[in-house]
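Chain by chain, the residues:
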Number of protein chains: 2
Amino acid sequence: MTSSTPEYIPNLSYDSVIFGFSGEKLKILILEYHNMKTYALPGGFVKTNEALDDAVKRGLTERTGLDKIYLEQFHTFGSMHRFKPEIMKRIMEEQGDIEEKDHWLLGRFITVGYYALINYKNVTPKPDFLSDSIEWYDLDQLPELMMDHREIIEKALEHLRIHLDHKLLSFNLLPEKFTMKELQQVYEAILGESLNRANFQRKMLSLNILKRHDKLYTGGSHKAPFLYSFKKP
Amino acid sequence: MTSSTPEYIPNLSYDSVIFGFSGEKLKILILEYHNMKTYALPGGFVKTNEALDDAVKRGLTERTGLDKIYLEQFHTFGSMHRFKPEIMKRIMEEQGDIEEKDHWLLGRFITVGYYALINYKNVTPKPDFLSDSIEWYDLDQLPELMMDHREIIEKALEHLRIHLDHKLLSFNLLPEKFTMKELQQVYEAILGESLNRANFQRKMLSLNILKRHDKLYTGGSHKAPFLYSFKKP
DNA sequence: CCAAAAGTGTTCCTATTACACCCATGC
DNA sequence: GCATGGGTGTAATAGGAACACTTTTGG
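Residues numbered from 1 in each chain as written. Chains lettered and ligands numbered in written order. Predicted model: local features only at pLDDT ≥ 70, side-chain atom pairs only at ≥ 80, totals over all residues. Heavy atoms only, no water.

On to the overall build of chain A. The secondary structure content of chain A amounts to 6 helices and 10 strands. If you line up chain A on its principal axes, its C-alpha atoms span 65 × 35 × 30 Å. Relative to its full complement of 233 residues, chain A shows a buried share of 51%. Taking all contacts inside chain A whose residues are at least 6 apart in sequence as the whole, residues at least 24 apart take part in 71%. As presented, chain A carries roughly 12500 Å² of accessible surface, and 49% of it is formed by carbon and sulfur atoms. Counting 31 positive and 33 negative side-chain charges, chain A places the centres of these two groups 10 Å from one another. (Helix = DSSP H or I, 4+ residues; strand = E, 2+ residues; numbered from the N terminus. Buried < 20%, exposed > 50% of the residue type's maximum accessible area, 1.4 Å probe, protein only. Contact = heavy atoms within 4.5 Å. Areas by Shrake-Rupley, 256 points an atom, 1.4 Å probe, with all protein chains shown as cover. Lys, Arg positive; Asp, Glu negative; His and termini not counted. Charge placed at Lys NZ, Arg CZ, Asp CG, Glu CD.)

In structure tokens form, the structure reads like this:
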């Protein structure tokens, strides 16, 4: 790509915080650059003729194989502390891109933060051309991340916790049908605290967003729970 | 400015929604471009070596004369529907800037939205070099705005309403000392609804963020109200 | 004394919380 | 029958909303 007709908007990127849920713990998708021991959030760039939201969706699909993911924008990070060109330079050198001195990737970047919440088990993350691996990490066992990516995750989590009630419908975190206990586990994993079973049940039902289906017989020695699904609007 | 060493980040702008309060109504600062009947939010661009937040503060100070304003970022707008180069072209032609065909200002822009809430009376807005006038407009009497600026205002207002309790402390909308009635008028103007006086008083006091001072004798034939100020943390 | 605005009190209602109880199921 | 997990009931509490009452002030 030449600088006269750039394919991507310079100095602007996005980073996505992909939350995944395994049944008990909340995890985050982190990638590692080739031989660098450099861990980062999956991010990317916006084409000059592409909507911001579309760019983020495109990047996420390329990296997770998942389509039709609900993404929520939460903050744009524009501090000059983000400017660490050495890191990107090393990454590019590993790639063999060493020619250009003022390559656009070495510029200063303002990044738009997005987050998504998906069902862990539906995803087979695939590393892209820049990265060595892409893996799920427990929230409390994150590796050291490049630049301000740790801060980006904290801010994403804060937003997720505040807007949980309104946003959970849109995220496909649970299977089509699920039990009340599973739903509660999602809430507890995200909020990081345990909730009262009886009150949680009542509150969820009072929101009038759940449809009750037949009971689920698991073979366990206890009462069979109802299955629920989200009412589609 | 030449394209080889750009002063500003291309394709990225900010727009600021400046809410002002006059004592009864909420107003917004809108500027008009020279002889264009084109109304817009005050916005600007980010220098390549400047923090995003700093750029927004700089622009606001240039246009309002006010310093140390608390600004809150709320959303980044990146749709391709924003791309209307004709408008900017006409503005530049009015200015006499007609030479460059692919000038950076004619590109597609992703814009970061910020809002602020200030005391209307402390401000003497000054038009910048591009604009003819800069005026306060009532929320319900806005002129037709360029591009998606109307949508940006709606989204700012939504954020302001939701986060009012947490953010009012940081905004210098009221004088140092104010009465409970003045505080209530701010809330009512922002929320767009009237509130019960007795309950509002109790709720505000229960938040434990107000310091009570001496009474204010206005000369009105009624009980003198207490003055309050926000407790500084 | 009256009107206007401010401060405080009372009542009602709803949402939240903690805990208890009973039911279904497989061993 | 009994342990386990699931559904529902109940009492105590907190918070909000609606309204009434009283106090202060200047005319």
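Having seen the structure, we can now continue with the description.
Attention now goes to unusual backbone geometry. Residues and elements named next belong to chain A. The phi dihedral of N11 is positive, around 65°, even though this residue is not glycine. Along the chain, the position of N11 falls in strand β1 (residues 8-21). Classification of N11 as buried rests on a relative accessible area of 12%.

What surrounds DNA strand C is a group of 22 residues, the closest being N199, Y217 and S221 of chain A together with R197 and F226 of chain B. Sugar and phosphate atoms form 48% of the subset of DNA strand C atoms that lie within 4 Å of the protein. Here a base nitrogen of DNA strand C sits 2.7 Å away from a polar atom, N or O, in the side chain of R197 of chain B. Separating a phosphate oxygen of DNA strand C from a backbone N or O atom of F226 of chain B is a distance of 2.7 Å. Elements that contribute at least two residues to the surface near DNA strand C include exactly α6 (197-206) of chain A together with α6 (197-206) of chain B. Here the element with the most residues in the surface near DNA strand C is α6 of chain B; it accounts for 4 residues. Residues that form the surface near DNA strand C fall into these classes: 6 nonpolar, 9 polar and 7 charged. (Near = heavy atom within 4 Å. Polar contact = N/O pair within 3.5 Å; in protein donor to acceptor, adjacent residues only side chain to side chain. Nonpolar A, V, L, I, M, F, W, Y, C, P; charged D, E, K, R; others polar.)

All right, on to the pattern of salt bridges then. All names here are of chain A. Applying the stated rule across the entire model yields 16 salt bridges over all chains. The closest approach of N and O atoms between R58 and E50, which form a salt bridge, is 2.7 Å. Among the ionic contacts, a cluster of salt bridges with common partners joins K25, K27, D138 and D140. (Salt bridge = Lys/Arg side-chain N within 4 Å of Asp/Glu carboxyl O.)

Before going further, it helps to spend a moment on the UniProt feature "domain: NrtR DNA-binding winged helix" (unreviewed entry) in chain A. Residues annotated by UniProt as "domain: NrtR DNA-binding winged helix" (unreviewed entry) correspond here to residues 171-230 of chain A. From the first C-alpha to the last, residues 171-230 of chain A spans 11 Å; its make-up is 37% helix and 22% strand. (UniProt positions renumbered as here; feature names shortened; annotations may be inferred.)

This brings us to the protein's contact with DNA strand D. Around DNA strand D, a shell composed of 22 residues is seen, among which R197, S221 and K223 of chain A together with Y217 and K223 of chain B lie nearest. When the atoms of DNA strand D within 4 Å of the protein are sorted by group, sugar and phosphate make up 49%. A distance of 3.0 Å separates a base nitrogen of DNA strand D from a polar atom in the side chain of N199 of chain B. Within the side chain of R202 of chain B, a nitrogen or oxygen atom sits 3.4 Å from a base nitrogen of DNA strand D. Breaking the surface near DNA strand D down by element, the ones donating at least two residues are α6 of chain A together with α6 of chain B. The biggest single contributor to the surface near DNA strand D is α6 of chain A, with 4 residues. Split into classes, the residues belonging to the surface near DNA strand D amount to 6 nonpolar, 9 polar and 7 charged.

It is worth spelling out the packing of aromatic side chains at this point. Residue and element names in this part refer to chain A. A full pass over the atoms with the stated rule returns 22 aromatic pairs over all chains. Relative to Y115, the ring of F74 has its centre 5.8 Å away and its plane inclined at 55°; by these criteria the two rings are tilted. Here F74, found in strand β5 (residues 71-77), pairs with Y115, found in strand β6 (residues 110-119); they are 41 residues apart in sequence, far enough to count as distant. In this structure, F74 and Y115 share a single accessibility class: buried. (Phe/Tyr/Trp six-rings, centres within 6.5 Å; stacked < 30°, edge-to-face > 60°.)

Moving on, we come to the sheet that holds strand β8 (residues 178-179) of chain B. Pairing is antiparallel in the open sheet, where 3 strands are placed in the order β8-β10-β9 (chain B). Single-partner strands in this sheet number two, and they are β8 and β9 (210-215) of chain B. (Pairing = 2+ DSSP bridges.)

The next thing to look at is the domain arrangement of chain A. All names here are of chain A. Each domain of chain A was delimited in the assignment, giving domain 1 (8-167) and domain 2 (178-230). Just the C-alpha atoms count here: the centres of domain 1 and domain 2 sit 32 Å apart. With 11 residues of domain 1 at the contact, the number on the domain 2 side is 9 residues. Summed over both sides, the interface of domain 1 with domain 2 buries roughly 820 Å², with 67% coming from carbon and sulfur. Counting across the domain 1 and domain 2 interface gives 0 salt bridges. (Domains from an automatic or database assignment. Buried area = accessible area lost by both parts, 1.4 Å probe.)

The subject of this paragraph is helix α5 (residues 180-191) of chain A. Residues three or four positions apart in an α-helix share a direction because the helix packs 3.6 residues into each turn. Residue and element names in this part refer to chain A. For α5, which comprises 12 residues, the first-to-last C-alpha distance of 16 Å matches the rise-based estimate of 16 Å (1.5 Å per residue) to within 8%. Those residues of α5 that sit buried are M180, L183, Q184, V186, Y187, A189 and I190. Taken from the residues just after α5, G192 is the one with a positive phi, measuring 75°. (Expected span 1.5 Å × (residues − 1).)

So, about the relation of the copies chain A and chain B. Overlay of chain A on chain B (RMSD 0.1 Å): rotation 180°, translation along the axis 0.0 Å. This pairing of chains is accounted for by a two-fold axis. In this assembly the copies share their binding face: 100% of the residues contributing to the interface of chain A also contribute to that of chain B. (Least-squares fit on C-alpha atoms with pLDDT ≥ 70 in both.)

Counting residues at the interface gives 20 residues for chain A, matched by 20 residues for chain B. At the boundary of chain A with chain B, total buried surface from both sides reaches about 1500 Å², with 61% on carbon and sulfur atoms. The tally of links from chain A across to chain B stands at 0 salt bridges. In this assembly, chain A and chain B are joined by 11 residue pairs in polar contact (both at pLDDT 80 or more). For the side of chain A that touches chain B, the secondary-structure elements that each account for two or more residues are β1, β4 (43-47), β5 and β6 of chain A. Take the side of chain A that touches chain B: its biggest share by element is 4 residues, from β1 of chain A. For the side of chain A that touches chain B, the per-class residue count stands at 9 nonpolar, 8 polar and 3 charged.

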